[in-house]
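Close look at the chain arrangement
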Amino acid sequence: MGWLTSLGTLLLDLRAVFVAAWSWRAEDAAQRRTSWAYCPECRHDLNGDDKSFQGYDEAGLVVYECSRCTHVSRWDFDPPAPILVED
Ligand SMILES: [Zn+2]
């Protein structure tokens, strides 16, 4: 039954490769989507310029001050898409 064991190991290896490829794809998609954050006041693309980004607050949230209307908002960039935490 040695060949059967080898086949089982091979299938497990293939599965691991597929799982790794899948999570890499998901991560890649998440990184592309995190580049979109819009001002809740005027819909200005906060991530589209270099002026709105202010840095991180003590909770690790991303702080933006809109370069168009000066509205301050906080974002959590960890989930698959940015979440507006504080408006
Ligand atoms: Zn704005």
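Residues numbered from 1 in each chain as written. Predicted model: local features only at pLDDT ≥ 70, side-chain atom pairs only at ≥ 80, totals over all residues.

**Observations regarding the environment of aspartate 49**
Mapping aspartate 49 onto the fold places it in the loop between helix H1 (2-33) and strand S1 (53-56). Here aspartate 49 falls in the exposed class, since 12 other C-beta atoms lie within 10 Å of it. Here the alpha-carbon distance between aspartate 49 and cysteine 66, two residues 17 residues apart in the chain, equals 9.7 Å. (Helix = DSSP H or I, 4+ residues; strand = E, 2+ residues; numbered from the N terminus. Buried ≥ 20, exposed ≤ 12 C-beta atoms within 10 Å, placed from the backbone.)

**Quick look at the pairing of S1**
Two elements, S1 and strand S2 (residues 62-65), share three bridges in a ladder whose sense is antiparallel. Bridge pairing links glycine 55 to valine 63 in S2. The loop that links S1 with its antiparallel partner S2 comprises five residues; one of these, glycine 60, has a positive phi angle of about 85°. (Pairing = 2+ DSSP bridges.)

**A closer look at the sheet that holds S2**
Pairing in this open sheet of four strands is antiparallel, and the strands run S1-S2-S3-S4 from one edge to the other. In this open sheet, the two strands that pair with only one neighbour each are S1 and strand S4 (83-86). Adjacent strand axes in the sheet meet at a mean angle of 35°, parallel and antiparallel pairs treated alike. Where strand S3 (residues 72-76) lies against S4, three bridges are found, and the strand directions are antiparallel. In the sheet register, aspartate 76 faces S4, and the bridge partner there is isoleucine 83. (Axes fitted to C-alpha atoms, helices over the stretch in contact; angles between N-to-C directions.)

**Observations regarding the confidence of the model for the protein chain**
Scored by pLDDT, the protein chain has a mean of 79; 74% of the residues are at 70 or more. Element-level pLDDT for the protein chain is lowest in H1, with a mean of 64, against a maximum mean of 95 in S2. (pLDDT = per-residue confidence, 0-100.)

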